[in-house]
Amino acid sequence: MAGAEALEPPRWLKPANKVFIAMSRLGLSFCGESPVVLTVPGRKTGAPRSTPVTPMTLDGKRYVVGGFPGADWVRNARAAREATLERGRRSERVRMVELPAEDARPVLRAFPTEVPTGVGFMKRSGLVTDGRPEEFEALAGRCAVFRLDPL
């Protein structure tokens, strides 16, 4: 896991994201999880940028984890602070509140249980080796965690 910030996104990520976006817009699930399409304006052009995410709920609050340090959608979300979540025909506007590392730790620790399909992605990306909760918790400060507040 050394130098997670220097990792490059895997080549398969963009084509896979297109498939997941199409599935989510059709209202389909993937491996029992329900990804949604998160759309934020691009920080440079303002053009809508979409990515599939799988929100998780802890203590009645929803969160999304940036599965890759430095991901464009994370930078766009930081700049916009608001986003649209879509699944099938449903659409919802949310405020994206990035958690400080200390507050992100329990969310990241719960991630492998709450979003099991994300574990494989994080392993293939080199961010974790065996997917233990402690490994995810150690990503605090490197992988962004956003709380999704309804607008």
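Report follows, based on the coordinates. As the structure is a prediction and not an experimental result, all values here were calculated from the model.

### Considerations on the overall build of the protein chain
Item 1. Scanning the protein chain from N- to C-terminus turns up five helices and seven strands.
Item 2. Here the protein chain holds 151 residues, and 42% of them are scored as buried.
Item 3. Surface exposure of the protein chain reaches about 8300 Å², of which carbon and sulfur atoms provide 52%.

### Considerations on helix α3 (residues 101-114)
Since the α-helix advances by 3.6 residues per turn, residues separated by three or four positions end up pointing in the same direction.
Item 1. Taking 1.5 Å of rise per residue, the 14 residues of α3 would be expected to cover 20 Å, and the 19 Å separating its terminal C-alpha atoms lies within 8% of that figure.
Item 2. Taken as a whole, α3 has its buried residues at Ala104, Val107, Leu108, Ala110, Phe111 and Pro112.
Item 3. In this structure, the buried side of α3 is in contact with β3 (56-58), β4 (61-65), α4 (116-124), α5 (133-137) and β7 (145-150).

### Overview of unusual backbone geometry
Item 1. Its identity is not glycine, yet aspartate 59 carries a phi of approximately 50°, on the positive side.
Item 2. Here aspartate 59 shows up in the loop between β3 and β4.
Item 3. By relative accessible area, which is 81% here, aspartate 59 ends up exposed.
Item 4. Look at arginine 81: it is not a glycine, yet its phi comes out positive at around 65°.
Item 5. Note on placement: arginine 81 falls in the loop between α2 (72-80) and β5 (82-87).
Item 6. You can call arginine 81 exposed: its relative accessible area is 57%.

### Looking at the sheet that holds β5
Item 1. Spatial ordering of the open sheet is given by β2-β1-β5-β6-β7-β4-β3, a layout of seven strands whose pairing is antiparallel. Among the strands making up the open sheet, the edge pair consists of β2 (48-53) and β3. When strand polarity is set aside, the average angle formed by the axes of neighbouring strands in this sheet is 40°.
Item 2. Where α3 meets the sheet, its contacts fall on β3, β4 and β7, and the angle it forms with β3 comes to roughly 125°.

### Quick word on the packing of α3 against α4
Item 1. Packing of α3 against α4 brings their axes to within 6 Å, and their N-to-C directions diverge by 105°. When the axis of α3 is compared with that of α4, the two are roughly perpendicular. Here Phe111, Pro112, Thr113 and Glu114 of α3 lie close against α4, whose contacting residues are Pro116, Gly118, Val119 and Met122.
Item 2. In the contact of α3 with α4, the residues fall into five nonpolar, two polar and one charged.

### Notes on the pattern of salt bridges
Item 1. Inspection of every chain in the model, using the stated rule, returns 12 salt bridges.
Item 2. Between aspartate 72 and arginine 75 there is a salt bridge; the shortest N-O distance is 3.6 Å. Placement of both aspartate 72 and arginine 75 in helix α2 is noted, with a separation of three residues, approximately one turn of the helix.
Item 3. In this structure aspartate 72 comes out as partly exposed when scored by relative accessible area, which is 46%.
Item 4. Across the salt bridge formed by glutamate 102 and arginine 105, the nearest N and O atoms sit 3.3 Å from each other. One end of the pair is glutamate 102 and the other is arginine 105, both in helix α3 and three residues apart, which spans about a single turn.
Item 5. Judged by relative accessible area, which is 28%, arginine 105 ranks as partly exposed.
Item 6. Each of the salt bridges in this network shares a partner with another, and the network as a whole consists of Arg109, Asp130, Arg132, Glu134 and Glu137.

Criteria and cut-off values
- Residues numbered from 1 in each chain as written.
- Predicted model: local features only at pLDDT ≥ 70, side-chain atom pairs only at ≥ 80, totals over all residues.
- Heavy atoms only, no water.
- Helix = DSSP H or I, 4+ residues; strand = E, 2+ residues; numbered from the N terminus.
- Buried < 20%, exposed > 50% of the residue type's maximum accessible area, 1.4 Å probe, protein only.
- Areas by Shrake-Rupley, 256 points an atom, 1.4 Å probe, with all protein chains shown as cover.
- Expected span 1.5 Å × (residues − 1).
- Contact = heavy atoms within 4.5 Å.
- Pairing = 2+ DSSP bridges.
- Axes fitted to C-alpha atoms, helices over the stretch in contact; angles between N-to-C directions.
- Parallel < 35°, antiparallel > 145°, perpendicular 65-115°, else oblique.
- Nonpolar A, V, L, I, M, F, W, Y, C, P; charged D, E, K, R; others polar.
- Salt bridge = Lys/Arg side-chain N within 4 Å of Asp/Glu carboxyl O.

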